[in-house]
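What the coordinates show
What follows is the residue order along each chain.
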Amino acid sequence: DSGVTQTPKHLITATGQRVTLRCSPRSGDLSVYWYQQSLDQGLQFLIHYYNGEERAKGNILERFSAQQFPDLHSELNLSSLELGDSALYFCASSVGQGKSYGYTFGSGTRLTVV
Amino acid sequence: GQQVMQIPQYQHVQEGEDFTTYCNSSTTLSNIQWYKQRPGGHPVFLIQLVKSGEVKKQKRLTFQFGEAKKNSSLHITATQTTDVGTYFCAARGAYSGAGSYQLTFGKGTKLSVIP
């Protein structure tokens, strides 16, 4: 157990639908990062939140959005789902925001869009 | 921000053989991190290298940061079946800026160990 909790572990949904992925960071970590992992693209950075505020955005589609709540858990919302959105979605946490810290990853949510 | 290229993409070794993966950047890196992802698992942080020419060891794993801080390597001596997985290097990403330190990951090297 890494200390980062992601739910659900698996999600199967139809095209056009909307889903919410949830992440609770390790105790004491203020930063949450979301990554998408697919076979051909590796780990792609989506978005970074620090203490409730968005800090950096990567190649995140407009159909995707995220937020970090006062209790520091984060949610990634994926809407108008397409087949190509099928992937593993990881969140990772770290203690800071502006310096280099090792990430602690959650076990991921495997999304399958059918 | 940085882009890091990793080679090889795949490596199959006999148990007991050595293994090395390389990470290269066209620009100078402030530091580099290494992660391991077991099959079906999530990436796990192994180490961070910061200084030019730095060498760090973890049991059979040796991590090096180049003198110019543009490349890094991970070497495993006498591989075991427990070493199976994908090894990623990661460096400060393209979207890092004031108030954010975000990592860009290499594509990884997938290691298979034949018993």
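Everything discussed here concerns the structure shown above.
Within chain B one finds 0 helices and 11 strands. The order of α-helices and β-strands along chain B, N terminus first, is β-β-β-β-β-β-β-β-β-β-β. By the compact-globule yardstick of 13 Å for 115 residues, chain B fits well, its C-alpha radius of gyration being 14 Å. Seen along its three principal axes, the alpha-carbon backbone of chain B occupies a region of about 45 × 30 × 20 Å. Per-residue burial over chain B gives 48% buried out of 115 residues. Total accessible area on chain B stands at roughly 5,500 Å², and carbon and sulfur atoms take up 52% of it. Counting 12 positive and 6 negative side-chain charges, chain B places the averaged centre of each group 11 Å from the other.

Val 19, Leu 21, Trp 34, Leu 76, Leu 78, Tyr 89 and Leu 111 of chain A are the most contacted members of the largest nonpolar core, which totals 21 residues. The next biggest cluster of nonpolar side chains, apart from the first, holds 20 residues, and it includes Leu 49, Leu 61, Cys 89 and Val 113 of chain B.

Okay, the side chain of Thr 86 of chain B next. Following the sequence through the fold, Thr 86 of chain B ends up in strand β9 (residues 85-92). For Thr 86 of chain B, a relative accessible area of 16% gives the class buried.

Right, let's get into the packing of aromatic side chains. Applying the stated criterion to the full structure yields 14 aromatic pairs over all chains. Here the aromatic rings of Phe 105 of chain A and Tyr 35 of chain B are separated by 5.9 Å at their centres, their planes lie at 85°, and the arrangement is edge-to-face. Highlighted residues: Phe 105 of chain A in strand β10 (residues 104-105) and Tyr 35 of chain B in strand β4 (residues 32-37), drawn from two different chains. Like Tyr 35 of chain B, Phe 105 of chain A is buried. An aromatic cluster is defined as three or more aromatic residues linked by ring pairs; in this entry it consists of Tyr 33, Tyr 35, Phe 45, Phe 90, Tyr 103 and Phe 105 of chain A together with Tyr 35, Phe 45, Phe 88 and Phe 105 of chain B.

A word on the side chain of Thr 109 of chain A. All names here are of chain A. You can see Thr 109 is positioned in strand β11 (residues 109-113). Thr 109 sits in the buried class, given a relative accessible area of 0%. One polar contact links the side chain of Thr 109 to the main-chain carbonyl oxygen of Pro 8, over a distance of 2.5 Å. Setting aside anything within four residues of it in sequence, one finds Thr 109 in contact with Gln 6, Thr 7, Pro 8, Lys 9, Leu 11, Leu 21, Ala 87, Leu 88 and Tyr 89.

Let's shift gears to the interface of chain B and chain A. Facing 18 residues of chain B, the contacting portion of chain A comprises 25 residues. Of the roughly 1,800 Å² buried between chain B and chain A on both sides combined, carbon and sulfur atoms contribute 53%. The interface formed by chain B and chain A contains 0 salt bridges. If you look at where chain B meets chain A, you find 5 residue pairs in polar contact (both at pLDDT 80 or more). Taken together, the elements giving at least two residues each to the side of chain B that touches chain A come down to β4, β5 (43-49) and β10 (103-105) of chain B. Grouping the amino acids of the side of chain B that touches chain A by side-chain chemistry returns 8 nonpolar, 9 polar and 1 charged.

Bringing the pattern of salt bridges into the picture now. Residue and element names in this part refer to chain A. Per the counting criterion, the structure on display carries 7 salt bridges over all chains. The residue Arg 26 makes a salt bridge to Asp 29 at a minimum N-O spacing of 3.1 Å. Accessibility expressed as a relative area gives 33% for Arg 26, which makes it partly exposed. According to the relative accessible area criterion, Asp 29 is buried, its value standing at 2%. Between Asp 85 and Arg 63 there is a salt bridge, with its nearest N and O atoms 2.8 Å apart. Of this pair, Asp 85 sits in the loop between β8 (74-78) and β9 (87-94) while Arg 63 sits in the loop between β6 (53-57) and β7 (64-68), and the two are 22 residues apart along the sequence. Of the residues examined, Asp 85 reaches a relative accessible area of 4% and is grouped as buried. Put simply, Arg 63, Glu 82 and Asp 85 are held in one network by salt bridges that share partners.

How each quantity is defined
- Residues numbered from 1 in each chain as written.
- Chains lettered and ligands numbered in written order.
- Predicted model: local features only at pLDDT ≥ 70, side-chain atom pairs only at ≥ 80, totals over all residues.
- Heavy atoms only, no water.
- Helix = DSSP H or I, 4+ residues; strand = E, 2+ residues; numbered from the N terminus.
- Rg over C-alpha atoms; globule rule 2.2 N^0.38 Å.
- Buried < 20%, exposed > 50% of the residue type's maximum accessible area, 1.4 Å probe, protein only.
- Areas by Shrake-Rupley, 256 points an atom, 1.4 Å probe, with all protein chains shown as cover.
- Lys, Arg positive; Asp, Glu negative; His and termini not counted.
- Charge placed at Lys NZ, Arg CZ, Asp CG, Glu CD.
- Core = buried A, V, L, I, M, F, W, Y, C linked by side-chain atoms within 4.5 Å.
- Phe/Tyr/Trp six-rings, centres within 6.5 Å; stacked < 30°, edge-to-face > 60°.
- Polar contact = N/O pair within 3.5 Å; in protein donor to acceptor, adjacent residues only side chain to side chain.
- Contact = heavy atoms within 4.5 Å.
- Buried area = accessible area lost by both parts, 1.4 Å probe.
- Salt bridge = Lys/Arg side-chain N within 4 Å of Asp/Glu carboxyl O.
- Nonpolar A, V, L, I, M, F, W, Y, C, P; charged D, E, K, R; others polar.

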